[in-house]
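# A structural walkthrough
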2 protein chains.
Amino acid sequence: MAITYQFRPLERLAEADLCRRLKVSRTPIREALNRLVTEGFLVFTPNRGFQCRPLDAKEIFDLYEVRRSLEVAAVRLAAERATDAELEELDQFLRASRAAPAEASVVDLVGLDEAFHERIAGFSRNSELLHILRNINARIRFCRWIDMENGRRAATQTEHAEVLAALVARDAERCAEIMTGHITRRLDQIVDVIREGYARIYMGAYAGAETGRSRAG
Amino acid sequence: MAITYQFRPLERLAEADLCRRLKVSRTPIREALNRLVTEGFLVFTPNRGFQCRPLDAKEIFDLYEVRRSLEVAAVRLAAERATDAELEELDQFLRASRAAPAEASVVDLVGLDEAFHERIAGFSRNSELLHILRNINARIRFCRWIDMENGRRAATQTEHAEVLAALVARDAERCAEIMTGHITRRLDQIVDVIREGYARIYMGAYAGAETGRSRAG
DNA sequence: TCATACGTCTCTGTATACAATGCGGCCGGC
DNA sequence: GCCGGCCGCATTGTATACAGAGACGTATGA
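Scoring rules and cut-offs
Residues numbered from 1 in each chain as written. Chains lettered and ligands numbered in written order. Predicted model: local features only at pLDDT ≥ 70, side-chain atom pairs only at ≥ 80, totals over all residues. Near = placed C-beta within 6 Å. Helix = DSSP H or I, 4+ residues; strand = E, 2+ residues; numbered from the N terminus. Contact = placed C-beta atoms within 7 Å. Nonpolar A, V, L, I, M, F, W, Y, C, P; charged D, E, K, R; others polar. Core = buried A, V, L, I, M, F, W, Y, C linked by C-beta atoms within 7 Å. Buried ≥ 20, exposed ≤ 12 C-beta atoms within 10 Å, placed from the backbone.

### Quick notes on the protein's contact with DNA strand D
- Near DNA strand D there are 14 residues, and of these Val24, Ser25, Thr27 and Asn47 of chain A together with Gly49 of chain B occur at the shortest range.
- Counting only elements with at least two residues in the surface near DNA strand D, the list comes to α2 (26-38) of chain A together with α1 (15-22) of chain B.

Here it is in structure tokens:
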């Protein structure tokens, strides 16, 4: 879906325009837009149609705050419920992630980051938790691209390794502690990230991100 | 909306049928159904249409688990962020709740219960948290009706009063502790509640609940 | 010159028609 | 008698047409 801020914040999305661009009629367009509204990617005003959500610092802050509590809950549950084989697999995944080239795009790096967290959420055996986290991740993805741009990679890898170690030790409290810090540190930088985000949006960066490549950097 | 298990689990919802009953055409029907799918009230299969979600114990369990972590996060934040005036108002609300008649319907009692928790979520100043909790509450409401049916009222009121006391004391840890227990106790009974729920559904109870009255009991 | 009111026009909201897919029943063959 | 294929029907998926509401522009009057 084209909702990775390829549309500018508050830009109105005329249905007829989207029809021409996507070569389908208004009915399926409206169905898709409606779903995107309930998932928080668009806002809707009666008789005025759909528009792109604003890039709002408070909203992103709130999402990070919710994400923090859910990720902490997930990792606690994972410490109880994950099998040894799953933790072994997670270890393999982290090794593979570290092998990614130094010049990998932020889009790819954030993808690996999300994949790590999603695996843990999967270990919680709670599909609702996983579902909500996926939605939040999609909504804050843009900000995580920005955040990843300067030197976050090393710290991320270190902290992920710590989480894994605590999981292997089945130490739920330690897991929660690391995860809280891991996300709180991002949360503290939101305002700066948002400011940077506006610049990116109006420079058109990331517009091709849905193909897996970033034009930023 | 008619999604308080007036439809039986897995019952197929034919669009044309709903059109006749609601006196509108298929287009707005489909839009509403689509939204209900993304909110978790219906399931959708391509070329087979919409059907009522099953009353699934695992799903309800997961929702309670997510709710627990979010409510705990909310009450922690509320302990930091609520104003004294807001806590005073919450106290008024609890007094008023206690004044509700002993023969009040479970629908009304659960409504008061939800209102208490929603107020706390509001004090967290986190609108995303509030939004997700509202959705979860709507999805587990049916089970809370069942749960409220036998003598839960007194315990609920006691525990709510304890939460308020901890909030007034600005003791976030104590708040979290009480809230965790408050919800965990419900979670432990899910399986029994679900079993009872099936009986209610196939007996047609609660079918008039959206008008504010229960036919059960 | 500015404000207000009216008219037009674009875009949304809803209905309806048509196409396509899947399911069930029926008939024929083994 | 049972299994498999085929045909018909019901239901979903998509397109399009029409109606209604809101916004913008213009014109007129103070």
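That was the structure; now back to the text.
### As for the interface of chain A and chain B
- At the junction of the two partners, chain A supplies 19 residues and chain B supplies 19 residues.
- Among the secondary structure elements, those contributing two or more residues to the side of chain A that touches chain B are α2, α3 (57-81) and α6 (127-148) of chain A.
- The greatest single-element share of the side of chain A that touches chain B, amounting to 8 residues, is contributed by α3 of chain A.
- Looking at side-chain class alone, the side of chain A that touches chain B contains 6 nonpolar, 5 polar and 8 charged residues.

### A few points about the protein's contact with DNA strand C
- Around DNA strand C sit 14 residues, and of these Glu15 and Gly49 of chain A together with Ser25, Thr27 and Asn47 of chain B come closest.
- Contributions of two or more residues to the surface near DNA strand C are made by α1 (15-22) of chain A together with α2 (26-38) of chain B.
- By residue number, the principal contributor to the surface near DNA strand C is α2 of chain B, which donates 3 residues.
- Of the residues that constitute the surface near DNA strand C, the class distribution is 5 nonpolar, 6 polar and 3 charged.

### Notes on the nonpolar core
- Judged by nonpolar contacts, the single largest core of 84 residues is most densely connected at Ala74 of chain A together with Ala74 of chain B.
- Not counting residues within four places of it along the chain, the set of residues in contact with Ala74 of chain B comprises Ile120, Ala121, Ser124, Leu129 and Leu133 of chain B.

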